[in-house]
Amino acid sequence: MIARALRWLMLLQVLAALGLAWLLWQAGLRQAAPALLLGVLGVLLVRALIVARNFWHSRRFAGTPAPQPLGAAAATRLFVGELGANLRTSSWGMLRPRLSVPATPGQGAPSRLPVLLIHGYVCNRGFWAPLSGQLAQAGVAHGAVDLEPVNAGIDDVLPLVERAIAELLALAGGEQVVIVAHSMGGLVARAYLRRHGGAQVARVITLGTPHHGTALANLALGSNARQMSRPGGQPNAWLAQLDADEPPHTRTLITSIYSQHDNIVAPQDSARLPGARNCAYAGLGHVALASDPRVLRQVLSEITIVSEVGAAAFASHRC
Amino acid sequence: MSSPIPDPIAAGLAAGWQVTDASTLQAGRTLEADVVIIGSGAGGGITAELLARAGLSVLIVEEGGLKSSQDFKMREADAYPALYQESAARKTRDKAINILQGRTVGGSTTVNWTSSFRTPPGTLAHWQRQHGLAGYTVAAMAPWFALVERRLHISDWPVPPNENNDLLRRGAQALGIPTAAIRRNVNGCWNLGYCGMGCPTNAKQSMLVTTIPAALQLGARLLTHARAERFVLQGERIASLQVTALDAAGQAPTGIKLTLLAKHFVLAGGAINTPALLLRSNAPDPDKLLGRRTFLHPTVISAALFTQRVDAYAGAPQTIYSDHFLGVDPIDGPIGYKLEAPPLHPLLMATTMGGFGDQHAQTMRMFPHAHGLLALLRDGFHEDAAGGAVSLDSHGNPVLDYPLSPFLWDGVRRALLAMAEIQFAAGARSVYPVHEMAHHYTSWAQARQAIEGLPFKPLLARVVSAHVMGGCAMSDDERLGVCDAQGRYRGLVNLSVHDGSLFPTSIGANPQLSIYALAARLASGLAQALTGKPAPGFGTDMVAPA
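Below or above, wherever it landed, is the structure these notes cover. (Residues numbered from 1 in each chain as written. Chains lettered and ligands numbered in written order. Predicted model: local features only at pLDDT ≥ 70, side-chain atom pairs only at ≥ 80, totals over all residues.)

Residue and element names in this part refer to chain A. Pairing in this open sheet of 6 strands is parallel, and the strands run β2-β1-β3-β4-β5-β6 from one edge to the other. Both outer strands of the open sheet, β2 (142–144) and β6 (277–281), are each paired with one neighbouring strand and no more. Across the sheet, the mean angle separating the axes of adjacent strands is 15° when strand polarity is ignored. By the bridge criterion, 4 bridges tie strand β4 (residues 201–207) to strand β5 (residues 254–259) in an arrangement that is parallel. By the bridge assignment, valine 204 is partnered in β5 with isoleucine 254. Across the sheet, helix α5 (residues 158–172) is in contact with β1 (115–118), β2 and β3 (177–182); its angle to β1 comes to roughly 155°. (Pairing = 2+ DSSP bridges. Helix = DSSP H or I, 4+ residues; strand = E, 2+ residues; numbered from the N terminus. Axes fitted to C-alpha atoms, helices over the stretch in contact; angles between N-to-C directions. Contact = placed C-beta atoms within 7 Å.)

Counting residues at the interface gives 19 residues for chain B and 29 residues for chain A. Broken down by class, the residue content of the side of chain B that touches chain A amounts to 10 nonpolar, 7 polar and 2 charged. (Nonpolar A, V, L, I, M, F, W, Y, C, P; charged D, E, K, R; others polar.)

Here we take up the sheet that holds strand β7 (residues 154–155) of chain B. All names here are of chain B. Across the sheet, which stays open at both edges, the 3 strands sit in the order β6-β9-β7 with antiparallel pairing between neighbours. Single-partner strands in this sheet number two, and they are β6 (115–116) and β7. For β6 and strand β9 (residues 183–185), the ladder comprises 2 bridges, and the chain directions are antiparallel. Bridged to serine 116 within β9 is arginine 183.

Here the focus is the packing of helix α6 (residues 163–174) of chain B against helix α11 (residues 406–425) of chain B. All names here are of chain B. Relative orientation of the contacting elements α6 and α11 amounts to 95°, with a least axis distance of 7 Å. Considered as vectors, α6 and α11 are oriented roughly perpendicular to each other. Taken together, the residues of α11 that come into contact with α6 (itself represented by Leu168, Gly171, Ala172 and Ala174) are Ile422, Gln423 and Ala425. (Parallel < 35°, antiparallel > 145°, perpendicular 65-115°, else oblique.)

Right, let's get into the nonpolar core. Core analysis: the biggest nonpolar cluster contains 180 residues, and Val36, Val58 and Val61 of chain B have the highest contact counts within it. Sort the elements by how many residues they give to this core and helix α13 (residues 512–531) of chain B lands first, with 11 residues. When residues no more than four places from it in sequence are discounted, the contact partners of valine 58 of chain B are Ala33, Asp34, Val35, Ile37, Ala48, Leu51, Ala52, Ala215 and Ala220 of chain B. Residues Leu131, Leu135, Leu242 and Cys279 of chain A belong to the second largest nonpolar core, which totals 78 residues. (Core = buried A, V, L, I, M, F, W, Y, C linked by C-beta atoms within 7 Å. Buried ≥ 20, exposed ≤ 12 C-beta atoms within 10 Å, placed from the backbone.)

The omega torsion of the bond from glutamate 148 of chain A to proline 149 of chain A falls at -5°, within 30 degrees of zero and hence cis. Here proline 149 of chain A is to be found in the loop between β2 and α5. At the junction of alanine 266 of chain A and proline 267 of chain A, the peptide bond is cis and its omega measures out at 0° in the coordinates. Within the fold, proline 267 of chain A resides in the loop between β5 and β6. With phi around 50°, valine 122 of chain A is a residue other than glycine that occupies positive phi space. Tracing the sequence through the fold places valine 122 of chain A in the loop between β1 and α4 (129–137). Although it is not a glycine, histidine 297 of chain B sits at a positive phi angle of roughly 50°. Mapped onto the fold, histidine 297 of chain B is located in the loop between β14 (294–295) and β15 (299–305). On the basis of neighbour counts, which here come to 25 C-beta atoms within 10 Å, the residue histidine 297 of chain B falls in the buried class.

Structure (structure tokens):
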């Protein structure tokens, strides 16, 4: 459904670019190539303005401590990187939602635990193209969920996660998976642990997850957005309950990777989860987190460690 | 199989960090920086990152080597010679106190047990009252604690305590003695229990994996196996620092000398080496304060055997404490002590336990059932607990003379009694107060009678320490401290001291967090003074994009 909507949106953008080119043509620019180029640039400008607005909005609710200040060059890289990541996911990757498959299934790295990918708000598995490619290259079996309907409450999509874990274990063998989740997907993973416990999950790695909500969700639609909101600048009741229900040993299963300059999670500190392993990066946007080479390297190394050393290493007092 | 755990130091070196191992140098050289920092432990590490972030060129000098997670094999026999001062056998002049102190990049933070306490309010109040430190209120320090706690992931530890710590909690609870949980500077800790041998998973947020890498990434330079010999003084200025290169084992000089030039020097060698360097340099000391009032938290140990396995080597080493006996008397009354549990590993346990031959072997055979408690005596708050004095031997090496007064021995006796009672209350089969003339006692009544009757003298009761503090006290009053409250050394315009030697008394708690916060405060002030701009603070865990 997301893929279809995004394809329509893509068509709309193409039409808008053509329309703009046509207007320029009418206005006297009688050369096709420059007119088309300007048309495309016009659409890109609108996309850039949307991303800029998110940065502005997230900065307003940054809270304390304020994110580390960035120089002009780093700030430009942050913005351009995030815009690029946005375009690649929402105008390409998620239009054709598929995962890469390890070249020799079950042979590349048989000792590695299989990985389940859980995307964020209003996305699909196509979001994971960069990580999926790397996992396939490393020979790691992996699967993904597509969280639908897009506005469903977080607890309502848990059966999808349960089924996906069962399918992945049936495919790859073994007893446990590693969950890698982006944004809202991290809350889905924690809600899964609350309902089903950690018997089948060796580790949860969240990327840019608003563990304590985000001010930007206050304006978004859907039950899930409400569950990520911060009414009055505080986590909503659902998040507070999730926090209260989570035993300390579950926290030791979680790695939270986030950016101090996230443009969707605000305050950015919301991704810092006490008791979990927290890793903050600087100068990365919300979507760019899932394709940044350093982040992907870290995700792969965490999957390797937990596969080779065992989940017990991270939490030798699992109850 | 190579370790799947990424080594951030190896990665940084591969990426071109400017690290020079002085043992490899074939010729002497002169190096120059805005600021030379001597020591890479709690004080030096924090200072290095903050000054580097302020845009200053920083050169860090470390006597130890650069060892990192790939070297940390959880083996005592490797770790102690490689990572500790004098192979973990540094001693006071009369050999009555054994001192565990780090000597590696990251200093003691690389090998400590992660216990993180803010400076107790009572200690700060005493400093204001007695030591001329009006600016060191709880409120004034709170933001600096918050800053470093965030940087070093200091937070509550979510995992249940291991049996070694839980026995302290249960025994104290049975006696109505309150205990509390210790916060730790860890991020993603595997709960292994080998912190003292260097964290093999890089979870411990020591200087080695936090501030030093951040500073190096910002272009700071690090010189290892380099012993700061003496400052060359020119009037009120330090003209240069003379440095001796040590061999790869970090023991003997190679004969190569280096000269370091800087606008400003920050001395952070720890409370024994810092005053020693100043003594070797004939630094101004009109009131004969330098090296005096050096504190150790003299620590005594009570070992117990339990029917069940304790496995005191496994799991986070220190997670439960009790400050009950710090509060029984006024802070400047009979000496108080803090109770904690030490991790027990075979080598450290075998060398710390008293006794010989069969008796010793018998205790070691019970190793998995052994439980340890320790009491840290809060020295420096009473005239009869005035600490020790650092002086130099004929080779210029520091010697700490630390007399153990009857006032301290009174505290030792009370501490051994309290620990034995707690261990019996927790169900101990026997308790052995670590003292050459003591035995394994099988009841609280028997232990009490025996401890009351033990003679308390140096080398009879085992006294150890892992906390060195004082010797270069700071004070607003120049008659009380060689440094002012900003850590500036009086009489030398381009020298600051940023380590635990600034403390005018002991802390009454494991000192790492006190040193981090103090160094953050002083380094921020120094950065502003040197650059004319407000200090920028810390960065993230992960290195900013290049």
